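# Descriptive analysis of the structure
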Amino acid sequence: MSIEQESKSLKKLAHPDFGRRMDKAVDGNPDVPDINFGRLTWFVEQLEKHGITVTVEGVRKWFYGETKPRDKTLNALAVILKVDPDWLASGRSPALTDREVKQIGNISSGVQALVAGFVQMDGGHTAFPATDDRDAKEKHIDLYAIIRGAKYNFHIATIVRKGDETRIVVSRKAEGSTVVIAVERIEGFAIRIYEIDWATIVEKGERQNNDISFLLEDVAPREIESFKDRI
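Presented here is a report on the structure given in the accompanying data block.

Helices and strands together make up the secondary structure of the protein, namely nine helices and nine strands. Residues counted as buried form 41% of the 231 residues belonging to the protein. Across the protein, every contact between residues at least 6 apart in sequence was considered, and the portion connecting residues at least 24 apart equals 57%. For the protein, the exposed area adds up to about 13500 Å²; of that, 49% sits on carbon and sulfur atoms.

The topology assignment puts Pro 85 in helix α6 (residues 85–90). For the pair formed by Pro 85 and Leu 74, sequence separation is eleven residues and the distance between their alpha carbons is 7.1 Å. Setting aside chain neighbours within four positions, we find Pro 85 in contact with Leu 74, Asn 75 and Ala 78.

The next thing to look at is the nonpolar core. If you look at the biggest cluster of nonpolar residues, it comprises 24 residues, and the most contacted ones within it are Met 22, Phe 43, Leu 47, Val 59, Leu 81 and Leu 88. Looking at this core, the elements that each hand over two or more residues are α2 (16–26), α3 (39–48), α4 (56–64), α5 (71–81) and α6. Look past the residues within four positions of Leu 47 in its chain and what remains in contact with it is Ile 52, Val 54, Trp 62, Thr 73, Ala 76, Leu 77 and Ile 80.

Within the secondary structure, Leu 47 is located in helix α3. Since its relative accessible area comes to 0%, Leu 47 is described here as buried. Taking the C-alpha atoms as reference points, Leu 47 and Ala 76, separated by 29 residues in sequence, lie 6.9 Å from one another.

Taken as a whole and judged by the stated rule, the model has six salt bridges. Its salt-bridge partner being Glu 57, residue Arg 60 comes within 2.7 Å of it at the nearest N-O pair. On the criterion of helical spacing, the pair formed by Arg 60 and Glu 57 is a turn pair, its members being three residues apart in helix α4. The class of Arg 60 is partly exposed, set by a relative accessible area of 23%. Glu 57 gets classed as partly exposed once you look at its relative accessible area, which sits at 38%.

Another aspect to go through is the packing of aromatic side chains. Under the criterion given, the structure shown has four aromatic pairs. Between Trp 42 and Phe 43 the ring centres are 5.1 Å apart and the planes differ by 85 degrees, which places this aromatic pair in the edge-to-face class. Assigned by exposure class, Trp 42 and Phe 43 land together as buried. A connected cluster of aromatic rings, assembled from ring pairs, spans Trp 42, Phe 43 and Phe 63. One residue, Arg 60, lies across the ring of Tyr 64, its end atom 5.1 Å from the ring centre.

The buried count for strand β8 (residues 211–215) comes to four of five residues, which makes it a mostly enclosed element. Relative to β8, strand β4 (residues 165–171) runs antiparallel, the two sharing five bridges. In the strand pairing of β8, Ser 171 is matched with Asp 211. Inspection of the sheet shows strand β7 (residues 206–208) paired to β8 by three bridges, in the antiparallel sense.

Even without being glycine, His 140 reaches a positive phi, approximately 55 degrees. Tracing the chain through its elements places His 140 in the loop between α8 (134–139) and β2 (143–147). Of note, Arg 148 is a non-glycine position whose phi angle comes to about 50 degrees, a positive value. Tracing the backbone through its elements, the reader meets Arg 148 in the loop between β2 and β3 (150–162). Looking at Arg 148, the relative accessible area reads 59%, which means it is exposed.

Parameters and conventions
- Here the residue index of a chain counts from 1 through its sequence in written order.
- At least 70 in pLDDT is required for a residue's local features to be given in this predicted model, at least 80 for side-chain atom pairs to be given and counted, and no such filter applies to totals for whole chains, interfaces and linings, which use all residues.
- Neither water nor hydrogens contribute to the side-chain values; these are computed over all heavy atoms in the structure.
- Every helix listed is a DSSP run of H or I at least four residues long, and every strand listed is a run of E at least two residues long, numbered separately from the N terminus.
- Relative accessibility thresholds used throughout: buried, under 20% of the residue-type maximum; exposed, over 50%; partly exposed, between the two (1.4 Å probe, protein chains only).
- Contacts are assigned to residue pairs with any non-hydrogen atoms lying within 4.5 Å of each other.
- In short, Shrake-Rupley with a 1.4 Å probe defines the accessible areas, and a residue's cover is counted only from the protein chains shown.
- Side-chain atoms within 4.5 Å link the members of a nonpolar core, which is a set of buried Ala, Val, Leu, Ile, Met, Phe, Trp, Tyr and Cys residues.
- A pairing counts as a salt bridge when a side-chain nitrogen of Lys or Arg comes within 4 Å of a carboxyl oxygen of Asp or Glu.
- Note on aromatic contacts: the rings of Phe and Tyr and the six-membered ring of Trp form a pair at centre separations within 6.5 Å, being stacked when their planes are under 30 degrees apart, edge-to-face when over 60 apart, and tilted otherwise.
- Charge-over-ring placement is defined geometrically: NZ (Lys) or CZ (Arg) within 6 Å of the ring centre, and within 35 degrees of the ring normal.
- Strand pairing follows a simple DSSP-based rule, namely that at least 2 bridges must link the two strands.

In structure tokens form, the structure reads like this:
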């Protein structure tokens with residue numbers, strides 16, 4: 001390989017992680033056309049609405065990781081793709097700190113047990129996925145429940161308060177195969193349990209790698225007062 005060819009190769013790999021994040025951001029986003037149906041042109045048109053002029057070739061270079069847009073363009077891309085701008089820029093979202101992520105991991109099993117207990121108290125039946133349950137792992141099923149004869153796959157989310165925000169993070173892999181249940185602690189032992197519609201989550205949430213993050217007040221959740229009736 002000549003020096004010139006090697007230089008061009010290195011140039012193409014200048015921002016490979018950004019290219020991968022662009023791919024993840026468009027994956028499953030219903031607003032973005034397929035790559036063979038005008039995807040790059042669509043980005044040019046959407047950015048024009050934000051007062052930003054780019055070429056199809058420029059957009060192509062972002063997806064291939066050859067170049068990375070400046071801050072103004074990157075922030076506009078985040079709005080268009082409905083993702084967190086800091087995640088798109090660096091791969092890391094400021095929505096949750098390392099300490100908060102660890103906190104979620106520590107309490108998630110307790111929240112799942114809490115929901116299971118309420119289902120059982122209202123006459124339902126529950127079972128936690130076995131360690132070798134591949135289907136549960138792939139679809140991020142946290143709890144199986146039978147309520148008045150109907151079977152449910154619950155994906156149970158923990159609500160995290162940060163300042164005035166009430167934020168929820170769910171796995172994108174759970175979409176379409178689970179019912180999202182979110183638990184909010186109010187005061188003392190008082191809690192609220194919500195069901196959140198997947199269509200609303202996808203519409204209102206911000207995509208962050210393999211997760212979707214959203215604010216509780218943005219999705220108009222339905223509060224579950226008991227598990228005596230089918231959801």
